[in-house]
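Commentary on secondary and tertiary structure
Next come the chains, spelled out residue by residue.
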Amino acid sequence: MAANLSQFIDIHVHILHGLDDGPKNLDESAAMAKAYVDVGITCLIATPHFIPGTAWAAGRDCITNILQDLNKYLFEKDITLKIFPGMEIAYHQKLMDRLEKGVLQPLGESNIYLLEPSFNDSSCDLLECAREMMASGYGVILAHPERIPSFQETAEPLVDLVGQGLQVQINIGSLLDKFGESSKKLAMYLIDKNSVHFLASDAHSSTSRRPPNQADWQKLIGILGDDLLTRLCVTNPGSLISNI
Ligand SMILES: [Fe+2]
């Protein structure tokens, strides 16, 4: 069956204003929302960064409040888009502690968390943390490992952990040559190893690092084919949100 952009459910989007390097105000958030609605997309998950010790560390209450403000604003502008709350949680040492205390926002009301690897550090501690989270009954989706130098060096420990239940999200931009040859190469390798579960935009604005449009979608069909694109962008995210 032909893959349809309007059915895409984007599980990794920086659309909430003032929380991170995403939109600065409600108008910029609304412009992003409109870019989704214009191609027929109806729902997504907002995933602001959570990087403790930085200005990008909004808690759950703050995310809820900003999302409420955005929903109200979109209603006034007649933009209809269902937005679930989420968080892109940077790996850090106290992550398990914060998780147990309920500080961290899962994807919707699920027990699944979007985990962001460090661009600079070794990924050993991150993978150990993901293993511990899964052993404690939490679901883990690893955000864009294909962009991370330590995984580009060796992806085997990651592929092993996928065999134990870790889920992987890669960025559309990596497949569309936005993040360099190494990112694309690892993305394709992980796909080949059956180790990718979600494809998401990781969009930050309506212009640069933006939501996908029809031209992007046609390129993705050319790279992945209709069936795989549908699985990564529609079926798997659909199963995820049916549980949240
Ligand atoms: Fe992100």
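Under the definition given, this model contains seven salt bridges. Two residues, Lys34 and Asp38, come together in a salt bridge whose shortest N-O distance is 3.1 Å. Within this pair, Lys34 and its partner Asp38 are both found in helix H1 (residues 26-38), separated by four residues, close to a single helical turn. Among the residues examined, Asp38 registers a relative accessible area of 53% and is labelled exposed.

Protein-derived coordination of the iron ion comes from His12 (NE2), His14 (NE2), Glu88 (OE) and Asp202 (OD), at a distance range of 2.1 to 2.2 Å. In this structure, the iron ion is surrounded by four donor atoms whose angles at the metal cover 84 to 173°, and the resulting shape is irregular. All donors to the iron ion come from one chain, and their sequence spacing reads H-x1-H-x73-E-x113-D. You can see Glu88 sitting in strand S5 (residues 88-90) and its partner Asp202 sitting in the loop between strand S9 (198-200) and helix H9 (214-224), a full 114 residues away along the chain. Like Glu88, the residue Asp202 is buried in the burial classification.

Our next topic: the packing of H9 against helix H10 (residues 226-242). Here H9 crosses H10 at 115°, and the two axes come no closer than 7 Å. The chirality of how H9 crosses H10 is right-handed. Counting all contacts with H9, which are made through Trp217, Leu220, Ile221 and Leu224, the residues of H10 involved are Asp226, Leu228, Leu229, Leu232 and Cys233. Residues belonging to the contact of H9 with H10 are distributed by class as follows: eight nonpolar, no polar and one charged.

Formed by 72 residues in total, the largest nonpolar core has its most connected members in Ile15, Met133 and Leu199. Ignoring sequence-local partners within four residues, the contact set of Met133 consists of Leu95, Met96, Leu99, Tyr113, Leu115, Tyr138 and Val140. With 14 residues, the next largest nonpolar core counts Ile141, Ala143, Ala200 and Ile241 among its residues.

Here we take up the pairing of strand S8 (residues 167-171). Burial analysis of S8 places four of its five residues in the buried class, the great majority of the element. Pairing of strand S7 (residues 139-143) with S8, which is carried by three bridges, proceeds in the parallel orientation. Residue Ala143 lies in a different strand from S8, and its bridge partner there is Gln169. When S8 meets S9, the two strands line up parallel, connected through three bridges. When the bridges of S9 are listed, Ile170 appears paired with Leu199.

Definitions and cut-offs
- Residues numbered from 1 in each chain as written.
- Predicted model: local features only at pLDDT ≥ 70, side-chain atom pairs only at ≥ 80, totals over all residues.
- Heavy atoms only, no water.
- Salt bridge = Lys/Arg side-chain N within 4 Å of Asp/Glu carboxyl O.
- Helix = DSSP H or I, 4+ residues; strand = E, 2+ residues; numbered from the N terminus.
- Buried < 20%, exposed > 50% of the residue type's maximum accessible area, 1.4 Å probe, protein only.
- Donors = N, O, S within 2.8 Å, 3.2 Å for Na, K, Ca; no water.
- Tetrahedral: all angles 85-135°; square planar, octahedral: opposite > 155°, others 65-115°.
- Axes fitted to C-alpha atoms, helices over the stretch in contact; angles between N-to-C directions.
- Left-handed = near helix turned anticlockwise from the far one by under 90°.
- Contact = heavy atoms within 4.5 Å.
- Nonpolar A, V, L, I, M, F, W, Y, C, P; charged D, E, K, R; others polar.
- Core = buried A, V, L, I, M, F, W, Y, C linked by side-chain atoms within 4.5 Å.
- Pairing = 2+ DSSP bridges.

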